[in-house]
Amino acid sequence: MAKEEKKTAVAAKAAAKPFPLPVNEARGEAPLWIGDVPLVLGAEMGRLAAVSSRLQCKSLNDLFLRLSGVEAAATWAAIELLTIEGDVVKALEALKLQHFAACAVAFNLVLSHHFEGDKGNAGAAGEAA
C-alpha cells in the first residue's frame with residue numbers, strides 16, 4: 001500500500017471510530033482523539049483565561065492564533081486546561097506531532113462557539129424584563 005493510501009486508510013478508520021464520551025455540542029464542546037485516548041474539550045471562559053494566562057497572551061486574537069496554529073506550548077496547555085472529560089495525563093503522554101491537525105480542528109470548534117451569533121432564549125429574556 002502506498003504511503004498516501006495508508007494515511008487515507010488510517011484517517012478513515014479514525015473517523016469511523018465511535019467516540020465513547022458524551023459531547024454537548026450545544027455548549028461548545030468538541031471531541032478529540034489523542035492516539036487511543038478520547039477527550040472532550042470545552043472553551044468555557046475560565047478555562048480560556050487559564051490557557052491565556054499560562055501562555056501570557058496579550059489578547060484574545062493572540063490566544064486564537066496560538067491555538068489555531070497549534071503551537072507546541074499552546075497545544076499542551078489547551079489539552080491540559082480545556083479538557084472537561086477524559087484522561088489528560090494519558091493523552092499528553094500519547095501526544096505526537098501527528099495529532100496536531102486534529103487538535104487544531106477541535107480548538108477551532110470550541111473557540112468558534114464564542115463567535116457564533118447565539119441569540120439565547122429571547123422569550124425568556126423578554127419575560128424577565
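What this report covers is the structure whose coordinates are included nearby.

Reading the values: the criteria
- What you see as residue numbers is a count from 1 along each chain, following the sequence as written.
- Residue-level local features of this predicted model are given only where pLDDT is at least 70; pairs of side-chain atoms are given and counted only at 80 or more, and the full residue set underlies all totals for whole chains, interfaces and linings.
- To get the side-chain values, all heavy atoms of the structure are used, and hydrogens and water are removed first.
- The way it works is that DSSP assigns letters per residue, a run of H or I at least four long becomes a helix, a run of E at least two long becomes a strand, and they are numbered from the N terminus.
- Relative accessible area decides the class of each residue, using a 1.4 Å probe on protein chains only: under 20% of the type maximum gives buried, over 50% gives exposed, and in between gives partly exposed.
- Pairs of residues are marked as contacts when any of their non-hydrogen atoms sit within 4.5 Å.
- Note that accessible areas follow from Shrake-Rupley with a 1.4 Å probe, and for residues the cover is restricted to the protein chains shown.
- Working convention: axes come from line fits to C-alpha atoms, limited for helices to the stretch in contact. Angles between N-to-C directions cover 0 to 180 degrees.
- Put simply, angles under 35 degrees are roughly parallel, angles over 145 are roughly antiparallel, angles from 65 to 115 are roughly perpendicular, and the rest are oblique.
- Under the convention adopted here, Pro, Cys and the residues Ala, Val, Leu, Ile, Met, Phe, Trp and Tyr are nonpolar, Asp, Glu, Lys and Arg are charged, and Gly plus all remaining residues are polar.
- Put simply, a crossing is left-handed when the front helix is turned counterclockwise from the back one by less than a right angle, and right-handed when it is turned clockwise.
- By nonpolar core is meant a set of buried Ala, Val, Leu, Ile, Met, Phe, Trp, Tyr and Cys residues that side-chain atoms within 4.5 Å join together.
- Here a polar contact means two N or O atoms within 3.5 Å. Within protein one must be a hydrogen donor candidate and the other an acceptor candidate, and residues neighboring in sequence count only if both atoms are side-chain atoms.
- Criterion for a salt bridge: a side-chain nitrogen of Lys or Arg within 4 Å of a carboxyl oxygen of Asp or Glu.

**Remarks on the overall build of the protein chain**
Item 1. When helices and strands are tallied, the protein chain shows seven helices and three strands.
Item 2. Counting from the amino terminus, the protein chain carries its helices and strands in the arrangement α-β-β-α-α-α-β-α-α-α.
Item 3. Buried residues in the protein chain amount to 33% of all 129 residues.
Item 4. Within the protein chain, counting contacts between residues at least 6 apart in sequence, those at least 24 apart form 60% of the total.
Item 5. Only carbon and sulfur atoms are counted for the fraction: they give 59% of the accessible area of the protein chain, which is about 8000 Å².

**Examining the packing of helix α3 (residues 60-68) against helix α6 (residues 100-112)**
Item 1. In the contact formed by α3 and α6, the axes pass within 8 Å of each other and the chain directions differ by 150 degrees. As far as their axial angle goes, α6 and α3 are roughly antiparallel. Between α3 and α6, the contacting residues are Phe 64, Leu 67 and Ser 68 on the first element and Ala 104, Phe 107, Asn 108 and Leu 111 on the second.
Item 2. Residue composition of the contact of α3 with α6, grouped by class: five nonpolar, two polar and no charged.

**Thoughts on the packing of helix α2 (residues 45-55) against helix α4 (residues 72-82)**
Item 1. Put simply, α2 and α4 touch, their axes get as near as 9 Å, and they point 150 degrees apart. For the crossing formed where α2 meets α4, the hand is right-handed. The segment α2 lies against α4, with Arg 47, Leu 48, Ala 50, Val 51, Arg 54 and Leu 55 engaging Ala 73, Ala 74, Ala 77, Ala 78, Glu 80, Leu 81 and Leu 82.
Item 2. Residue classes in the contact of α2 with α4 are distributed as 10 nonpolar, no polar and three charged.

**Side note on the nonpolar core**
Item 1. Ranked by size, the top nonpolar core spans 31 residues in total, and within it Leu 32, Ile 34, Val 51, Leu 67, Ile 79, Cys 103 and Phe 107 carry the most contacts.
Item 2. Secondary-structure elements contributing two or more residues to this core are β1 (29-34), β2 (37-42), α2, α3, α4, α5 (88-94) and α6.
Item 3. Apart from residues lying up to four places away in sequence, Val 51 is in contact with Leu 63, Leu 67, Ala 77, Ala 78, Leu 81 and Leu 82.

**With respect to the environment of Leu 67**
Item 1. Its place among the elements puts Leu 67 in helix α3.
Item 2. Taking the relative accessible area as the measure of exposure, Leu 67 reaches 0% and is therefore buried.
Item 3. Apart from the residues within four sequence positions on either side, Leu 67 is in contact with Val 51, Ala 74, Ala 78, Phe 107 and Leu 111.

**Structural notes on the side chain of Thr 75**
Item 1. Note on placement: Thr 75 falls in helix α4.
Item 2. From its side chain, Thr 75 meets the backbone oxygen of Val 70 in a polar contact 3.5 Å long.
Item 3. Not counting the four nearest positions on each side in its chain, Thr 75 is found in contact with Val 70, Leu 95, Phe 100, Cys 103 and Phe 107.

**Observations regarding the pattern of salt bridges**
Item 1. Within this structure, the stated rule accounts for five salt bridges.
Item 2. Residue Glu 44 pairs with Arg 27 through a salt bridge whose shortest N-O separation is 2.7 Å. Of this pair, Glu 44 sits in the loop between β2 and α2 while Arg 27 sits in the loop between α1 (3-16) and β1, placing them 17 residues apart in sequence.
Item 3. When the shortest N-O distance is used, the salt bridge between Arg 54 and Glu 80 registers 2.8 Å. Of this pair, Arg 54 sits in helix α2 while Glu 80 sits in helix α4, placing them 26 residues apart in sequence.
Item 4. Take Arg 54: its relative accessible area is 42%, and that puts it in the partly exposed class.
Item 5. Salt bridges sharing partners connect three or more residues here, namely Arg 27, Glu 29, Glu 44 and Arg 47.

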